[in-house]
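# Structure assessment
As a plain string of letters, each chain reads:
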Amino acid sequence: MSNHHDTSIGILGAGRVGTALARQALKAGYRVRIATSQPAADNALLVDIVTPGAVAVESSVAAASDLVVLAIPLHKYRTLNTHALAGRIVIDAMNYWAPVDGVFDDFESDPRTTSEVVEDFLPGARVVKSLNHIGYHELEEDDKAAGMPTRRALALAGDDAAAKAFVTNFIDRLGYDAVDAGPLAAGRAFQPATEIFTGSHTANQLRALIEKARPLADAA
Ligand SMILES: NC(=O)c1ccc[n+]([C@@H]2O[C@H](COP(=O)([O-])OP(=O)(O)OC[C@H]3O[C@@H](n4cnc5c(N)ncnc54)[C@H](OP(=O)(O)O)[C@@H]3O)[C@@H](O)[C@H]2O)c1
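Each chain has its residues counted from 1, running along the sequence as written. Owing to the predicted nature of the model, reporting of local features is limited to residues with pLDDT of at least 70; listing and counting of side-chain atom pairs is limited to 80 or more, with chain, interface and lining totals taken over all residues. Water and hydrogen atoms were dropped before computing side-chain values, which therefore reflect all heavy atoms in the structure.

By size, the foremost hydrophobic cluster in this structure holds 33 residues, and its most contacted members are Ile11, Leu21, Leu67, Leu131, Val167 and Phe170. Secondary structure elements with two or more residues in this core: strand S1 (8–12), helix H1 (16–27), strand S2 (31–35), strand S4 (67–70), strand S5 (89–92), strand S7 (153–158) and helix H8 (161–174). If one sorts the elements of this core by residue count, H8 sits on top with six residues. Only buried residues count toward a nonpolar core. Its members are Ala, Val, Leu, Ile, Met, Phe, Trp, Tyr and Cys residues joined through side-chain atoms within 4.5 Å. Note on classification: 1.4 Å probe, protein chains only; a residue is buried when its accessible area is under 20% of the maximum for its type, exposed when over 50%, partly exposed between these limits. Note on conventions: DSSP H or I runs of at least 4 residues are helices, E runs of at least 2 residues are strands, and numbering of each starts at the N terminus.

The salt bridge definition used is simple: a Lys or Arg side-chain nitrogen within 4 Å of an Asp or Glu carboxyl oxygen. On inspection of all chains with the given rule, the structure shows 13 salt bridges. Among the ionic pairs, Glu140 bridges to Arg23, the shortest N-O distance being 2.8 Å. Here the residue Glu140 occupies a position in the loop between strand S6 (126–130) and S7, and Arg23 occupies one in helix H1, the gap between them amounting to 117 residues. For the salt bridge of Lys212 with Glu195, the shortest nitrogen-to-oxygen distance reads 3.1 Å. Of this pair, Lys212 sits in helix H10 (residues 203–219) while Glu195 is found in helix H9 (residues 195–198), placing the two residues 17 residues apart along the sequence. On the basis of relative accessible area, Glu195 is assigned to the partly exposed category, the value being 47%.

Throughout this document, a residue counts as near a molecule or strand when at least one of its heavy atoms sits within 4 Å of that molecule or strand. The immediate surroundings of the ligand are formed by 23 residues, with Ala14, Val17, Ser37, Ile72 and Thr79 found nearest. Within the side chain of Ser37, a nitrogen or oxygen atom sits 2.4 Å from an oxygen atom of the ligand. Under the rule applied, a polar contact is a pair of N or O atoms within 3.5 Å (in protein, one hydrogen donor and one hydrogen acceptor; residues adjacent in sequence only if both atoms are side-chain atoms). Between the ligand and Thr79, the relevant distance is 2.8 Å, taken from a nitrogen atom to a side-chain nitrogen or oxygen of the residue. Accessibility throughout is a Shrake-Rupley quantity obtained with a 1.4 Å probe, and a residue counts as covered only by protein chains that appear here. About the coverage of the ligand: the protein hides 79% of its 900 Å² of free accessible area.

What follows concerns the packing of aromatic side chains. Any two rings among Phe, Tyr and Trp, with Trp reduced to its six-membered ring, count as a pair given centres within 6.5 Å; such a pair is stacked if its planes are under 30 degrees apart, edge-to-face if over 60, and tilted if neither. All told, the structure shown has five aromatic pairs when counted by the stated rule. Seen from their ring centres, Tyr77 and Phe121 are 5.4 Å apart, and the 85 degrees between their planes marks the pair as edge-to-face. Of this pair, Tyr77 sits in the loop between S4 and helix H4 (82–85) while Phe121 sits in helix H7 (residues 114–121), and the two are 44 residues apart along the sequence. Take Tyr77 and Phe121: they sit in the same class, and that class is buried.

So this is what it looks like as structure tokens:
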């Protein structure tokens, strides 16, 4: 893998998660580009103030990064530029949380996990579900150096092994242990309202919870 200072992280969404993640990725030494559905020029000032060091870009430019993070409200996933995301390694950090965001048929009537629905919408994208089960403020507070016994772990799930390896390295540089939960469908184990989603865990704890949830994922 090339030096990570040359690695570009494109973040779609400049809200709570997008800006916290941008700062944490900058701290880790990445090149960060951030975009919303608005023109880059409209975001330039906000990005300079809130995430100094990141660059406000058009969403198509953010999507052309080495790693792209989806940090937009899930019900807006159909506004994503499918063409620009084809072939990209994409972290889906989005959650379906009906009590807060409202009820959406796309997810209510589909037995799959939300990330599988999103992957289906993004042909050729190498989708990895992760970063969805940590609060945006915790992302900048709970990081620890590798090897510390109390280091917090984050789960990931996906069907592309190379994409998962890339994301594992990214999560580690952000200050967290990465735990592979298995295929994208296994992300069910860390969707909202699960034990993993609502708590904070070390790698060993997280592995045990993923193991416990496996029959649930297999039955779906
Ligand atoms: N809040 C948390 O602690 C937390 C933690 C983990 C995961 N999540 C998940 O992360 C996602 C973002 O949450 P949030 O709290 O950061 O939301 P938020 O504060 O509402 O920010 C959403 C951002 O997405 C942008 N956006 C909307 N459509 C877009 C598009 N097509 N392309 C690029 N940007 C677009 C919005 O800007 P414009 O509307 O101007 O485009 C806005 O900057 C949600 O799915 C949420 O479930 C949240």
